[in-house]
Amino acid sequence: MLISGNEAVALAAQRAGVALGTGYPGTPSTEILERFSELGGRAQWAPNEKVAFEVAIGVAYASARAVVTMKHVGLNVAADPLFTAAYTGVSGALVVVSADDPGMASSQNEQDNRRYAVAAGVPMLEPADSQEAYDFTLQAIEISERWGLPVMLRMTTRVCHSKSVVHPERTCAPPPPPSYTRDIAARVMIPSNARPAHRRLRAKLAQIAEWNETSGPNRVIPGSNSLGIIADGVAFQHAREAAPEASFLQLGMTHPLPVETIRKFANSVERCVVIEEGDPYLADTIRAAGISVESKPEMFRFGELNVDRVRRILAGDTTPEPAPPPGKAPELCNGCPYRTVYRALRNLDCIVAGDIGCYSLGALPPFEALETLVCMGAAIGVGLGLRHVLPPEEARRVVSVIGDSTFVHSGITGLVEMVYNPPSTGHVVIILDNSTTAMTGFQEHPATGRTLDHQPTGKLIIEDLCRALGVADTHVIDPTRDPEAFEKLLGDSLASGRLAVIIARRSCLLVTGRLRELERCQ
Amino acid sequence: MMDNRVTNIVIAGLGGQGVIRASDIAADAAFRSGFDVKKSEIHGMSQRGGFVTSDVRFGRQVSSPMVPRGEADYLVVLAPDQLEAVRGSLRPGGVLILPDGLNGEPLPNKKTLNVALLGILSTHLPIPEANWVEAIRSSLPEKFHEANLHAFQLGRRQATVHT
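Note that the structure is predicted; figures quoted are calculated from it, not measured.

Visitor: What should I look at first to understand the overall build of chain B in this one?
Guide: For chain B, the count of helices and strands is five helices and five strands. Starting at the N terminus, the α and β elements of chain B follow one another as β-α-β-β-β-α-β-α-α-α. For 163 residues, the compact-globule estimate of 2.2 N^0.38 gives 15 Å, and chain B sits close to it at 14 Å. If one aligns the C-alpha atoms of chain B with their principal axes, the spans along those axes are about 40 × 35 × 30 Å. Buried positions account for 53% of the 163 residues belonging to chain B.

Visitor: How do you make sense of the interface of chain B and chain A when you look at a structure like this?
Guide: The extent of an interface is frequently quoted as the accessible surface area lost upon association of the parts. Facing 29 residues of chain B, the contacting portion of chain A comprises 30 residues. Elements supplying a minimum of two residues to the side of chain B that touches chain A: α1 (19-32), β2 (36-41) and α2 (83-86) of chain B. In terms of residue count, β2 of chain B provides more of the side of chain B that touches chain A than any other element does, six residues in total. Considering only residue class, the side of chain B that touches chain A consists of 11 nonpolar, 10 polar and eight charged. Across two bridges, strand β8 (residues 163-165) of chain A lies against β2 of chain B in antiparallel orientation. Residue pairing for β2 of chain B: Lys-163 of chain A is matched across the bridge by Lys-39 of chain B.

Visitor: Help me out: how do you make sense of the packing of helix α4 (residues 72-88) of chain A against helix α9 (residues 191-215) of chain A in this one?
Guide: A packed helix pair is summarised by two numbers, namely the angle formed by the two axes and the spacing between the axes. Residues and elements named next belong to chain A. The geometry of α4 relative to α9 is characterised by a closest axis approach of 7 Å and an angle of 85° between their N-to-C directions. If you check the angle between α4 and α9, you find them roughly perpendicular. Taken together, the residues of α9 that come into contact with α4 (itself represented by Ala-86, Tyr-87 and Thr-88) are Ala-194, Ala-197, His-198 and Leu-201.

Visitor: For this particular structure, what's the right way to read the domain arrangement of chain A?
Guide: When cut into domains, chain A gives domain 1 (2-171 + 188-215), domain 2 (219-315) and domain 3 (337-521). Each of domain 2 of chain A and domain 3 of chain A has a C-alpha centre, and these two points are 46 Å apart.

Visitor: It is not clear to me how the pairing of β2 of chain B should be interpreted in this structure. Could you clarify?
Guide: Along any regular strand the residues' side chains alternate between the sheet's two faces. Residues and elements named next belong to chain B. Burial runs high along β2: five of the six residues are buried. The pairing of β2 with strand β3 (residues 51-59) spans six bridges and is antiparallel. Paired with Val-37 across the bridge in β3 is Phe-58.

Visitor: Looking at this model, I keep getting lost on helix α11 (residues 259-267) of chain A. Mind explaining?
Guide: Side chains of residues three or four places apart in an α-helix project in the same direction, reflecting 3.6 residues per turn. Residues and elements named next belong to chain A. Inspection of α11 places Ile-262, Phe-265 and Ala-266 among the buried residues, and these make up the whole buried set. Along the axis of α11, the buried residues cluster in a sector spanning 95°; they form a single face. The elements touched by buried residues of α11 are β9 (219-221), β10 (224-232), β11 (246-251), β13 (271-275) and α12 (281-288).

Visitor: Please explain the sheet that holds strand β6 (residues 124-125) of chain A as it appears in this structure.
Guide: Backbone-to-backbone hydrogen bonds pair the strands of a sheet. The strands run either parallel or antiparallel. All names here are of chain A. Taken in spatial order, the seven strands line up as β3-β2-β4-β5-β7-β6-β12 in an open sheet, and their pairing is mixed. Each edge of the sheet is formed by a strand with only one pairing partner; in this case those strands are β3 (43-45) and β12 (253-255). In this structure, β6 lies alongside strand β7 (residues 151-156), joined through two bridges in parallel fashion. Among the inter-strand pairings, Met-124 is bridged to a residue of β7, identified as Met-152.

How each quantity is defined
- One numbering rule holds for all chains: residues counted from 1, following each sequence as written.
- Just so you know, chain letters begin at A and ligand numbers begin at 1, following the order they were written in.
- Where totals are concerned, whole chains, interfaces and linings use all residues; where local detail is concerned, this predicted model gives features only for residues with pLDDT of at least 70, and gives and counts side-chain atom pairs only at 80 or more.
- Starting at the N terminus, helices and strands are each numbered in turn, a helix being any DSSP run of H or I of at least four residues and a strand any DSSP run of E of at least two.
- Atoms counted for the radius of gyration: C-alpha only. Globule rule: 2.2 Å times residue count to the power 0.38.
- Buried residues are those with 20 or more other C-beta atoms within 10 Å of their own C-beta, exposed residues have 12 or fewer, and partly exposed residues lie in between; C-beta atoms are placed from the backbone.
- Here, residues touch in the contact sense if the C-beta positions derived from the backbone fall within 7 Å of one another.
- For this classification, Asp, Glu, Lys and Arg are treated as charged, while Ala, Val, Leu, Ile, Met, Phe, Trp, Tyr, Cys and Pro are nonpolar and the rest, including Gly, are polar.
- Criterion used throughout: strands pair if DSSP finds at least two bridges between them.
- Angles run from 0 to 180 degrees between N-to-C directions of axes, and those axes are lines fitted to C-alpha atoms, restricted for helices to the stretch in contact.
- Working rule for angles: under 35 degrees goes down as roughly parallel, over 145 as roughly antiparallel, 65 to 115 as roughly perpendicular, anything else as oblique.
- Segmentation of the chain into domains, including their bounds, is taken from an automatic or database domain assignment.
- Along the arc lie the directions from the helix axis toward the C-beta atoms.

Below you can see the structure in the form of structure tokens.
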């Protein structure tokens, strides 16, 4: 079959009897859970990655198999449970898929999450194509169960979204029925339990490192003695094409590293070059072990690698790389309800703290009306900070703008902060509610009242929540029905000096048809 | 044909034109013909009308999923005004396929332009017509089969008439 890396992970999860797949949508990870659901797996969107990870821990404490998916920055949100789940360990399997985005096709940074595997102390596998995405998902489950540890499956955009041929031959033993065994010393991380837990974790990692030397998913492809290449992930594919004559050590498990295997390989060739995307994680670690290898020049830390860039690395070519002329930039759709909102923000000369979603496009022409974007939920906190210190006449122009899915993800605590520490000039938060997670491809979320597979469920009522948190001035308005009324409401709210939430509610044009169909079916 | 050479195709256009659908069909048609296939593109902002490209590569064995710059054998561009952004992917002597390759032959459904251009592309490739037809059928809901198969044949006909 010809399938994407994401589809391959889903297929492996389904075949392995994964009891629950959970996560939060984020490019390039989103299709894993959608496909898992289509294949009959139980898949759920969580409000955010931290909650998803915690649910997955519970599944794995009950001896079942869990997969939790997220984009690279999602793991920042889930980092808190990740680090301590490494201490507690799991009884079943817990595989965390981290989908990194080198080159930032659709992300706010290009952080290299291989560092997380090291920092948290969890094993990490890195597939290079869809076949390995399938095989390594099964292997991650086996490793997780064998050592009772969460395992990171680290993918990147070109592994997640590229399609390649998969022969789904590998299988793994079926999971035992879920069961619960009380183990307070292992799972209650008070200091007296956590101290021995940390030692247990390090002992497990030492065992896994030894296993990785002899049985890990790494392979040597013999070639010329004059050039040896050590590579991981999709960088391996680019390097194979750039230097087909070279000897290769492809690393499938990149934490803990098989240091002696690497040493032996490096000693077998005259020149040994590490080809990796992003940070020089492999090169630095290998050199720290006293093995002499070449790393890439600093300019190749930025952006994706490809065959051309690997050729340059091997040739030591650091001349400037030609940039192709840009194609048409994306923009807010014609008829997008957010266009009215941005026009009003421009007209009122607002200082806009923004957030992550389609509406981030409000930063580009013709609006250029969104002035900050940091991370999910930051609009509210950043807006409050600006309000706290700017002179009153400027502070009164500050507005926070956040989408519906983003608000549920991590805007709620920002609103609590607003009520608890209100700026003296008040504040205005606009929740752009288009009834979907539009940016990532129209996923459901708690405030749509539908599950991942579009079935009705409990619905979060955003305006009720805002009022319950203590924002009395909570308004719901369709910004397109009467743009002037919207602008007046915004102007009045700014002038009031009070705390206000304006929910600009109008469903995304691209989902309106589908929404009607769903409502008819219900 | 099963030598070591890899055939490189780049398809480009704007979000909503069916660039990714077209590359899925081409990749599937090559896969059905027994080739190793890789296909890659960037998702994300493409829904919002921005520039999109997708790479399809097939041969005996394909490593990187991305067509190296200047090595595309075929460049299919659905939005001619985006040609400059992607022209550099074509190798010297490579084949450029644009909507004007349809020679003004009217498409009954504008949304099938992607498949019509695949019709032109298909005449250059060692992939049996039946595999294209199967790939089109399996990638689209049944109600769109007729219009797209019509567009595919229209593209094939134009390419044969004018070359």
